[in-house]
Amino acid sequence: MTVAIFLGSLLFAMAIGIPIAYALLLSGAALMWHLDLFDAQILAQNVINGADSFPLLAVPFFMLAGEIMNVGGLSRRIVKLALALVGHMPGGLGYVTIMAAVLLAAVSGSAVADAAALASLLLPMMVAAGHDKARSAGLIASAGIIAPVIPPSIGLVIFGVAANVSISKLFLAGIVPGLLLGLSLALTWWWLVRNEKVQPPPRASRAELLKALREAVWALGLPLIILVGLRMGVFTPTEAAVVAAVYALLVAMFVYREIGVRQLAGIFQSSARTSAIVMFLVAAAMVSAWLITVADLPTKVIGMLEPFMGNPTLLLVAIMVLVMVVGTAMDMTPTILILTPVLMPVVKAAGIDPVYFGVLFIINNAIGLITPPVGTVLNVVAGVGRISMDQVTRGVLPFMLAQLFVMFLLVVFPSIVMVPLRWLTG
């Protein structure tokens, strides 16, 4: 009954068009009423406590860094470097998209920002070269969702806070899976375009390659600083977010000189609006998280999954399928905030490493960003690329299947994640 009231009120609120943050508050209030715990003061306290978290400060700073990257020319220079490196290969613009996405993921952490940048810069080039527009848009959308997996990742930060798991370890554990997602896209693209007669751009000369590398080296320095700093214990993930934002701002203003003082207000306002949306979601979800604990819903879920508890692989498969279904109807952040407090006790009871589960969980949620009908990244690419949702959905399907294959490969072979993590953490 408790589960029915919580899910029923949440789904009903979403169905009638209430924004997800308010729907979470409404479902929390309904659950409080059912448990005879309703108190407006407790509701307000949980909302405030939900956003009162030092690690969550990483979210607005990483978002600010991503906004500065797109406006300040860092993203464009990374794309130019990828074009100089692999653009001349058969189907080269697709490989440029994948390489640029991986490099952007290492400095941004936002799938929406990366997909928007790639769609605006590369989709017109791919269409002009003769590639199918739907397929090209699908590749860009699926490449954009690498950002929540490769550090620095906003999704991993939110999961780390919600699950009380080390964000530094989550960051380091996401590197290899993120690269595998990129590799799966490259193999799929190769298979799809192997018979196309599209003339790739000419090979860049050595001088052009060196120029592109020289211009991009400042942008590429950011992920290096973050990863080395985290690995050596120089700063925490929250401090790394501040370093990323300040570094991106200094490079954009004084090295590339594409941002002036007059543009700062607009950049700060844009990132503040996006951050406010995410932080309000987090604050609202903490009410539900507290009530989920009070109502002992995790114990009920453990009882439902009891047949799988003896086999961690089967349990993970069952959980991944559940998250996939939820991801078709809900965006990444609310999915993380709603399911994490429910699933983490199950994962711990089954003896599954929380960091390993966190990476799988975020990969699944990232794929949900390109899963119709909600598919936030699909909508972004469709809007920026001026292409219908139906076409983007058709184009993204083979790439989404390849990424799902990688996810379930990691479920079956956890050592792919854990062995590199042990090596990186010493």
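As the structure is a prediction and not an experimental result, all values here were calculated from the model.

The helix and strand tally for the protein stands at 21 helices and zero strands. Here the protein has a C-alpha radius of gyration of 21 Å; the compact-globule value for 426 residues is 22 Å, and the two agree. By residue count, 54% of the 426 residues in the protein fall in the buried class. Taking the intrachain contacts of the protein between residues at least 6 apart in sequence as the baseline, contacts between residues at least 24 apart amount to 78%. About 18,000 Å² of surface is accessible on the protein, with carbon and sulfur atoms providing 68% of the total. Taken together, the 21 basic and 16 acidic charged side chains of the protein have centroids lying 15 Å from each other.

Moving on, we get to the environment of Ala216. Along the chain, the position of Ala216 falls in helix H12 (residues 206–231). Residues contacting Ala216, with those up to four places away along its chain left out, are Arg77, Leu81 and Tyr256.

Counting 147 residues, the largest nonpolar core has Phe62, Phe159, Ile319, Phe357 and Val377 as the members making the most contacts within it. Among the elements that line this core, the one with the most residues is helix H14 (residues 261–294), at eleven residues. Ignoring anything within four residues of it in the chain, the contact list for Phe62 reads Ser108, Pro152, Ile154, Val157, Phe171, Ile226, Pro237, Ala240, Ala241 and Ala244.

On average, residues of the protein carry a pLDDT of 84, and 96% of them reach 70 or more. Mean pLDDT in the protein bottoms out at helix H15 (residues 297–304), which sits at 69, and peaks at helix H18 (residues 354–368), which reaches 95.

Criteria and thresholds
Residues numbered from 1 in each chain as written. Predicted model: local features only at pLDDT ≥ 70, side-chain atom pairs only at ≥ 80, totals over all residues. Heavy atoms only, no water. Helix = DSSP H or I, 4+ residues; strand = E, 2+ residues; numbered from the N terminus. Rg over C-alpha atoms; globule rule 2.2 N^0.38 Å. Buried < 20%, exposed > 50% of the residue type's maximum accessible area, 1.4 Å probe, protein only. Contact = heavy atoms within 4.5 Å. Areas by Shrake-Rupley, 256 points an atom, 1.4 Å probe, with all protein chains shown as cover. Lys, Arg positive; Asp, Glu negative; His and termini not counted. Charge placed at Lys NZ, Arg CZ, Asp CG, Glu CD. Core = buried A, V, L, I, M, F, W, Y, C linked by side-chain atoms within 4.5 Å. pLDDT = per-residue confidence, 0-100.

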